[in-house]
Amino acid sequence: MMVVPSFWAEARAQYRRKGKQITIRRFGWSDASEEDAQRNAQARVDEALARAVSGEPLPRRERKVPYNGGDGLPIREEVVDRIGDTVITRNSYGARCLNTPGVLFADIDFPAGASLRMVGGIALVLLAVCAGVVYRLAASGESTRMLWIAGVIAALLTLSLSSAIANLIHRIGVRTGGGPEKIARARVQRFMSTRPDWLVHVYRTPAGLRLLATHRLFDPLEPEVAECFRELGTDPVYVAMCLNQHCFRARVSAKPWRIGIEGRLTPRPGVWPVSPERLPQRRAWLAHYDQVATGFAACRFMESIGGGVSAPAALAVQQLHDELCQARSALPIA
């Protein structure tokens, strides 16, 4: 069952014995009411306190952060609308997000630079070269002081050059491959070449591609979903969120800094819920954002790939997604 709650609460419990005090705080959540969320919080804090008293090392409190799906707590976002099984939420910077329990979404971001793995590989090669130079110096009878200086220079060169060389190789590879979009689309085609019964719809986002599968509904926990994410190179934080929240997710309105809105959603840090006295400030910011965002699309439909036929429930989510994203319009994407 998808976990995107409407109500939140926090409970606190203490234990004192022989001058020792343990204080535990835990959040609770519910789709039913604030009272139910408070009961959930109390049950969670009682269970955590009992474990702490028994000697189990536990964090004393949970961080109040907006996008906690990757850490095991539900996404802490305002629920804007519920349409069947689909939930529309407002994320920490004001954009609307579609959350669905069974329709597979996967974003493929274009890499901004070389991967850490490539940088690390280049660094190892440079270190090996530098170590060879130092070894030859030692064999020639250089002083210990000279060897230390050579070692420090080698380390500094490795730190300064490995990232630059890796990024240069990355840029050459991207140019040779026809650019980031062509490389990403080729990856999608390879993925689909072994899945002729799938039906996947491809969208262009500001930073990459979005895939939406409609030939059937998926369980986020099933092995085929994990395989899909792995082969497409989906963001690991998003993958963890899908597992913990039992849902898939897609941003359906523009990022504010891409549409000329410099100030962030207030009050900061955009965590839901906010105190009643701060709601007017939040609503005023969102009214301005929503007005400006109507002039931009979150993504643009490109093509459909595969021989499958859309399942009615998945097709309904796609139609909602395209409408909210303005994906079939000629608006600039942001």
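To keep things clear, this report deals only with the structure shown in the data block. What you see is a predicted model, and the numbers here were worked out from it, not measured in a lab.

Scanning the protein from N- to C-terminus turns up 8 helices and 10 strands. The buried share among the 334 residues of the protein stands at 41%. Roughly 17,600 Å² of accessible area belongs to the protein as shown, and the carbon and sulfur atoms make up 58% of that amount.

Its place among the elements puts Ala311 in the loop between β10 (300-305) and α8 (312-325). Put simply, Ala311 and Arg216 are 95 residues apart on the chain and 5.4 Å apart in space, counted from C-alpha to C-alpha. Leave out the neighbours within four places in its chain, and Ala311 touches Thr214, His215 and Arg216.

Relative to strand β4 (residues 86-90), strand β3 (residues 78-83) runs antiparallel, the two being bridged by 5 bridges. Each residue of the ladder has a partner; that of Glu78, found in β4, is Arg90. Counted between consecutive antiparallel strands, the loop separating β3 from β4 contains 2 residues, among which Gly84 sits at a positive phi close to 65°.

Residues Leu104, Phe105, Val188, Leu211, Leu232 and Phe248 are the most contacted members of the largest nonpolar core, which totals 45 residues. Non-local contacts of Leu211, meaning those with residues more than four positions away in its chain, are made with Leu104, Phe105, Ala106, Ile108, Val188, Val200, His201, Val202 and Leu232.

Another point: the packing of aromatic side chains. The full count for this structure, using the stated rule, is 9 aromatic pairs. Considering the side-chain rings of Phe229 and Tyr238, the 5.8 Å spacing of their centres and the 70° angle between planes classify their relative orientation as edge-to-face. Looking at Phe229, the relative accessible area reads 5%, which means it is buried. Given a relative accessible area of 9%, Tyr238 falls into the buried group. Residues Phe229 and Phe248 carry aromatic rings whose centres are separated by 6.4 Å and whose planes lie at 70° to one another, so their mutual orientation is edge-to-face. Separated by 19 residues along the polypeptide, Phe229 in helix α5 (residues 223-232) and Phe248 in strand β9 (residues 248-251) bring together distant segments of the chain. Residue classification places Phe248 among the buried residues on the basis of a relative accessible area of 0%.

Per the counting criterion, the structure on display carries 20 salt bridges. Between Asp31 and Arg82 there is a salt bridge, with the nearest N and O atoms lying 3.0 Å from each other. Placement of Asp31 in the loop between β2 (20-30) and α1 (34-53) and of Arg82 in strand β3 is noted, with a sequence separation of 51 residues between them. Relative accessible area serves as the criterion here: at 37%, Arg82 is assigned to the partly exposed category. Asp36 is the salt-bridge partner of Arg39, the closest N and O atoms lying 3.4 Å from each other. Of this pair, Arg39 and Asp36 both sit in helix α1, 3 residues apart, which is roughly one turn of that helix. The partly exposed category is assigned to Asp36, whose relative accessible area is 29%. Salt bridges sharing common partners tie together Glu181, Arg185, Arg204 and Glu303.

On the surface, Met146, Ile149 and Ile153 cluster together into a nonpolar patch covering about 240 Å² of accessible area. In this fold, Ile149 is placed in helix α3 (residues 144-176).

Empty space within the second largest pocket amounts to approximately 210 Å³. In this structure, the second largest pocket is lined by 15 residues; those nearest its centre are Arg96, Ser253, Ala293, Thr294 and Leu324. Those elements that provide at least two residues to the lining of the second largest pocket are α7 (279-293) and α8. In terms of residue count, the dominant contributor to the lining of the second largest pocket is α7 (3 residues).

Here the focus is the side chain of Thr23. Mapped onto the elements of the fold, Thr23 is located in strand β2. The class of Thr23 is buried, set by a relative accessible area of 16%. At 3.1 Å, the side chain of Thr23 forms a polar contact with the side chain of Gln14. For Thr23, the side chain forms a polar contact with the side chain of Gln21, separated by 3.3 Å. With residues up to four places along the chain from it excluded, the contact list for Thr23 reads Arg12, Ala13, Gln14 and Arg60.

Parameters and conventions
- Residues numbered from 1 in each chain as written.
- Predicted model: local features only at pLDDT ≥ 70, side-chain atom pairs only at ≥ 80, totals over all residues.
- Heavy atoms only, no water.
- Helix = DSSP H or I, 4+ residues; strand = E, 2+ residues; numbered from the N terminus.
- Buried < 20%, exposed > 50% of the residue type's maximum accessible area, 1.4 Å probe, protein only.
- Areas by Shrake-Rupley, 256 points an atom, 1.4 Å probe, with all protein chains shown as cover.
- Contact = heavy atoms within 4.5 Å.
- Pairing = 2+ DSSP bridges.
- Core = buried A, V, L, I, M, F, W, Y, C linked by side-chain atoms within 4.5 Å.
- Phe/Tyr/Trp six-rings, centres within 6.5 Å; stacked < 30°, edge-to-face > 60°.
- Salt bridge = Lys/Arg side-chain N within 4 Å of Asp/Glu carboxyl O.
- Patch = residues over 30% accessible without salt bridge, like charges linked within 9 Å, V, L, I, M, F, W, Y side chains within 5 Å.
- 1 Å grid on protein atoms, 1.4 Å probe; cavity = no way out; pocket = protein on both sides within 12 Å on 5 of 7 lines; lining within 4 Å.
- Points joined across faces, edges and corners; volume = space filled by probe spheres on them.
- Polar contact = N/O pair within 3.5 Å; in protein donor to acceptor, adjacent residues only side chain to side chain.

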